[in-house]
Amino acid sequence: MARLFRRKDDVPKRSLWQRFKDVVTTDMSVLFRGVDEGSLEQLETLLIESDFGIPTSLALVAEVERRHKRGEVKTEQEFRRALADGVEAALRKGNSDPALCLNPGGPTVLLVIGVNGAGKTTFIGKLSAAFRAQGKRVLLGAADTFRAGAIDQLRVWAERSGVDFVGGAPGSDPASVAYDAVDAGITRGVDLIIVDTAGRLHTSDDLMTELRKIHRVIGKRLPDAPHEILLVLDGTIGQNALSQARTFSAAVPVTGVVVTTLDGTAKGGIVVAVHEALNVPIKYVGLGEQIGDLEPFDAGEYARELVAS
């Protein structure tokens, strides 16, 4: 997961630490002697502006200050390490295991949810390719029947990845397509069934009712399924991502989050905020548009990248 916030040909982005140094008006050595108490307040403000949320921001600053008072923060490197340790600890609280929950007695069913434009279909394509490369049989179910383009897009990803595909006609009942996909996956003996869903608006009551129906129908065909409900979020949209996360998790039991785009400059804290708000792990991060640009989430590496010098 190296260079999380940098893609090929990107203009290098400034880390959270680099932005902190921009706003600290005094020499760093003065900060470490505790003379300029306002510098920690500036760090607190920057963390809040970076969408860590107020409770997490306060806790991170308190931890840095605690280490400083114990004599453990005397250099810039020690300051960055203290901040990174705090971010990593926040991401490892509660339910934080990024591993997928696999069904040992049959096919594993993944239900993928999120608003249109967040990158659901692309994530599904990347994940199916990753499992296919491991020798697993995968089937994709196109339950976003409101857009013909969504069905076609998923079909193309299935062809690129070399996996099975089940789709209905545009406008057909999404829950019926989800049922058919699970039924076909069981019949064909596949290892993984991934069901795509619509995401017209996260504020739509009709959409949430539809998701709950899909969830129920899948469980009728295969008890205990879906085994994972993965919420796909665009990490660059900040507090809007947190709002989406809360709305979707109120409708169905989200088990993990996928962040399709990471931002280490302005909105990097939203990953921590979403984890703490939902108490679910960050499972995957998207690193680009290519089929292989998907990585399991690593809390330690994310924290270190966030405060890199």
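Rules used throughout
- Counting of residues starts from 1 at the beginning of each chain's written sequence and follows it residue by residue.
- With the structure being a predicted model, the display of local features is reserved for residues of pLDDT at least 70 and the display and counting of side-chain atom pairs for 80 or more, all residues being used for whole-chain, interface and lining totals.
- In computing side-chain values, all of the structure's heavy atoms are included and hydrogens and water are not.
- Note on definitions: the grid is 1 Å and covers protein atoms alone; a cavity is a set of points where a 1.4 Å probe fits but cannot get out; a pocket is an open set with protein on both sides within 12 Å along at least five of seven lines; lining residues have an atom within 4 Å of a point.
- Grid points are joined across faces, edges and corners, and a volume is the space filled by probe spheres set on the points.
- A run of H or I in DSSP becomes a helix once it reaches four residues, and a run of E becomes a strand once it reaches two; helices and strands are each numbered from the N terminus.
- Three classes are used, and their members are as follows: Ala, Val, Leu, Ile, Met, Phe, Trp, Tyr, Cys and Pro are nonpolar, Asp, Glu, Lys and Arg are charged, and the others, Gly among them, are polar.
- As a per-residue quantity, pLDDT reports the predictor's confidence and falls between 0 and 100.
- In what follows, residue pairs with any heavy atoms lying within 4.5 Å of each other are defined as contacts.
- Per-residue accessibility, obtained with a 1.4 Å probe over protein chains only, is compared with the maximum for each type, and a residue is labelled buried under 20%, exposed over 50%, and partly exposed between these values.
- Two strands pair if DSSP finds at least two bridges between them.
- Patches here: salt-bridge-free residues with over 30% relative accessible area, like charges joined within 9 Å, nonpolar side chains (Val, Leu, Ile, Met, Phe, Trp, Tyr) joined within 5 Å.
- Method for areas: the Shrake-Rupley scheme with a 1.4 Å probe, in which residue coverage is limited to the protein chains shown.
- Here, a salt bridge means any side-chain nitrogen of Lys or Arg that lies within 4 Å of a carboxyl oxygen of Asp or Glu.
- Convention used here: a crossover is right-handed provided that the path from the first strand, over the helix, to the second strand proceeds clockwise when the strands point away from the viewer.

Let's shift gears to empty space enclosed by the protein. All told, the structure shown has 2 cavities of 30 Å³ or more when counted by the stated rule. Of the pockets and cavities examined, the second largest cavity occupies roughly 40 Å³. What lines the second largest cavity is simply Leu233, Asp234, Gly235, Ala241, Val257, Val259, Ile270, Val271 and Val274. Broken down by secondary-structure element, the contributors of at least two residues to the lining of the second largest cavity are strand 5 (228–234), strand 6 (256–261) and helix 11 (270–278). The element that contributes the greatest number of residues to the lining of the second largest cavity is helix 11, accounting for 3 residues. Considered class by class, the residues forming the lining of the second largest cavity number 7 nonpolar, 1 polar and 1 charged.

This part covers the confidence of the model for the protein. In this model, the protein carries a mean pLDDT of 85, and residues with pLDDT of at least 70 account for 85%. Counting interchain partners and residues more than four positions distant, the pLDDT-below-50 stretch residues 23–28 has 8 contacts.

It is worth spelling out the pairing of strand 4 (residues 192–196) at this point. In terms of burial, strand 4 is a largely internal element, 5 of the 5 residues being buried. Judged by which residues are buried, strand 4 turns out to be covered on both faces: Leu192, Ile194 and Asp196 on one side and Ile193 and Val195 on the other are all buried. As paired strands, strand 1 (residues 108–113) and strand 4 are joined by 5 bridges and run parallel to one another. Note that in strand 4 the partner of Thr108 across the bridge is Leu192.

On the surface, a nonpolar cluster with roughly 250 Å² of combined accessible area is contributed by Ile48, Ile54 and Leu58. Its place among the elements puts Leu58 in helix 4 (residues 54–69).

The side chains of a regular strand alternate, first on one face of the sheet and then on the other. Counting buried positions over the 7 residues of strand 5 gives 7, a clear majority of the element. Side chains Glu228, Leu230, Val232 and Asp234 of strand 5 all project onto a buried face; the interleaved residues Ile229, Leu231 and Leu233 project onto the opposite face, where all are buried too. Across 4 bridges, the pairing between strand 1 and strand 5 is parallel. Among the inter-strand pairings, Leu110 is bridged to a residue of strand 5, identified as Glu228. Note that strand 5 and strand 6 share 5 bridges and pair parallel. Looking across to strand 6, one finds that Leu231 is bridged to Val257. Regarding topology, helix 10 (residues 239–251) serves as the crossover connection from strand 5 to the parallel strand 6, and that connection is right-handed.

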